[in-house]
Amino acid sequence: MRLLHCFIVNKVSGNGRALKVWHLLEKILLKKNINYCVRFTEEPKQATAFVHELLGNEQTKVIIAVGGDGTVHEVINGLVGSTIPLGVIPAGSGNDFCRQLRIPLRSDKALERILRHEPKRIDLGRIDDKYFATVVGVGFDGQVALTTNRSKYKKILNIARMGGISYIIGVIKVLHAYKPMTVHLKIDHTELKLTKVWLIAIANSPFYAGGMAICPDAQNNDGLLDICIVQELTKRELLYLFPSVFKGRHINHPSVTIYRGKEIEIFSESPLLVHGDGEMIGQTPVNLTIEPNYLYVI
């Protein structure tokens, strides 16, 4: 029985880049005589449904997401609890999942890595009944994620392969009207009341929003979540702080605090938007935990 390399392609990821990448991959697969199957997503959450279908096929060897962090997010939410590994061909605007794992951004090199089939296990974060691989953002960046995902400029920048800039534009657009608020946070057994909170980022990986090192020391194999809290800043101060996030230097600012923990609960005066892996998940209150060694990746 020949085992299958199963690809899930998000045709709209990267404003159509994933589909172009797939055409290149298919030529390589045929040339190498690799046994494969492919599914193309047409709507949100369809990738998760495809994973469930493919897990029912005993020929499935690996499930490969061709797309961005949103596609990876949907695929891992179907893979949890399975020993079938995840492969990723980056073709989105951010590709932050691939950064920490050092998955090549060139599709042919990423495929070479997958074909070597050297699986390892990584942690996943869990938020209520969903799982995330990179970062959950609460508050200001949740609003930025919503604004950016709905924007026309993200599509335009994706065409130019400058998708990361769309988040920067989103920050500027949201900053004018956003108001920080009081948040109650529980990290394991420690309870905190935080005032004038701009954002809370809970990270299983250092990067989000196209390479911002929001929690630069986060690791996806240490059994912990890193928590970055930004508070007590004026809008001008936040804007000046913002560029330092790309190098992770913001953590040296007195208004930025880093914690680590295994279980985090977040409550707020009014509901705050929450995103995970760049995808909108819901709003506060939320409960987050770390699930060690929960996903096989190659």
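Look a little higher up for the structure.
Procedures and definitions
Residues numbered from 1 in each chain as written. Predicted model: local features only at pLDDT ≥ 70, side-chain atom pairs only at ≥ 80, totals over all residues. Heavy atoms only, no water. Core = buried A, V, L, I, M, F, W, Y, C linked by side-chain atoms within 4.5 Å. Buried < 20%, exposed > 50% of the residue type's maximum accessible area, 1.4 Å probe, protein only. Helix = DSSP H or I, 4+ residues; strand = E, 2+ residues; numbered from the N terminus. Contact = heavy atoms within 4.5 Å. Pairing = 2+ DSSP bridges. Salt bridge = Lys/Arg side-chain N within 4 Å of Asp/Glu carboxyl O. Phe/Tyr/Trp six-rings, centres within 6.5 Å; stacked < 30°, edge-to-face > 60°.

Enquirer: So, the nonpolar core: which residues are in play, and what are the values?
Expert: Counting 47 residues, the largest nonpolar core has F140, I200, I202, I266 and L288 as the members making the most contacts within it. At eight residues, the largest contribution of residues to this core is made by strand 9 (residues 190-203). Apart from the residues lying within four places of it in its own chain, the contact partners of I202 are F132, T134, V135, V136, V138, L225, D226, I227, I264, I266 and L288.

Enquirer: Explain the pairing of strand 8 (residues 181-187) to me, and be specific about the residues and the numbers.
Expert: With five of seven residues buried, strand 8 lies mostly within the body of the structure. Looking at chain direction, strand 8 and strand 9 are connected through six bridges and run antiparallel. Each residue of the ladder has a partner; that of V183, found in strand 9, is L194. In textbook terms, the turn of a hairpin is the stretch between consecutive antiparallel strands, and for strand 8 and strand 9 this stretch comprises two residues, one of which, D188, has a positive phi near 55°. Sheet analysis places strand 8 next to strand 14 (residues 263-268), joined by five bridges and oriented antiparallel. Paired with K186 across the two strands is E265, which belongs to strand 14.

Enquirer: Explain the pattern of salt bridges to me, and be specific about the residues and the numbers.
Expert: The final tally for this structure, using the stated rule, is six salt bridges. A salt bridge links D108 to R106; the nearest nitrogen and oxygen atoms lie 2.6 Å apart. A residue is classified by how much of its surface remains accessible, and D108, at 24% relative accessible area, is partly exposed. Of the charged contacts in the structure, one is a salt bridge between K130 and D129, with a shortest N-O distance of 3.7 Å. Owing to a relative accessible area of 27%, K130 belongs among the partly exposed residues under this scheme. Judged by relative accessible area, which is 56%, D129 ranks as exposed.

Enquirer: Could you give an account of the packing of aromatic side chains, naming the residues involved and the relevant values?
Expert: Tallied over the entire structure, the rule returns eight aromatic pairs. Between W22 and F40 the ring centres are 6.4 Å apart and the planes differ by 80°, which places this aromatic pair in the edge-to-face class. Here F40 lies in strand 2 (residues 36-41) and W22 lies in helix 1 (residues 17-32), a separation of 18 residues in the sequence. A residue is classified by how much of its surface remains accessible, and W22, at 1% relative accessible area, is buried. Ring geometry for F242 versus F246: centroids 5.9 Å apart, planes at 75°, classification edge-to-face. A relative accessible area of 15% means that F242 is categorised as buried. We classify F246 as partly exposed; its relative accessible area is 33%. These aromatic residues form a ring-pair network of at least three members: F7, W22, Y36 and F40.

Enquirer: I'd like to hear about the environment of G210, residue by residue, with values.
Expert: Along the polypeptide, G210 turns up in the loop between strand 10 (207-208) and strand 11 (212-213). Separated by 90 residues in the primary sequence, G210 and K120 have C-alpha atoms spaced 24 Å apart. Setting aside residues no more than four positions away along its own chain, G210 makes contact with G94, D96 and R99.

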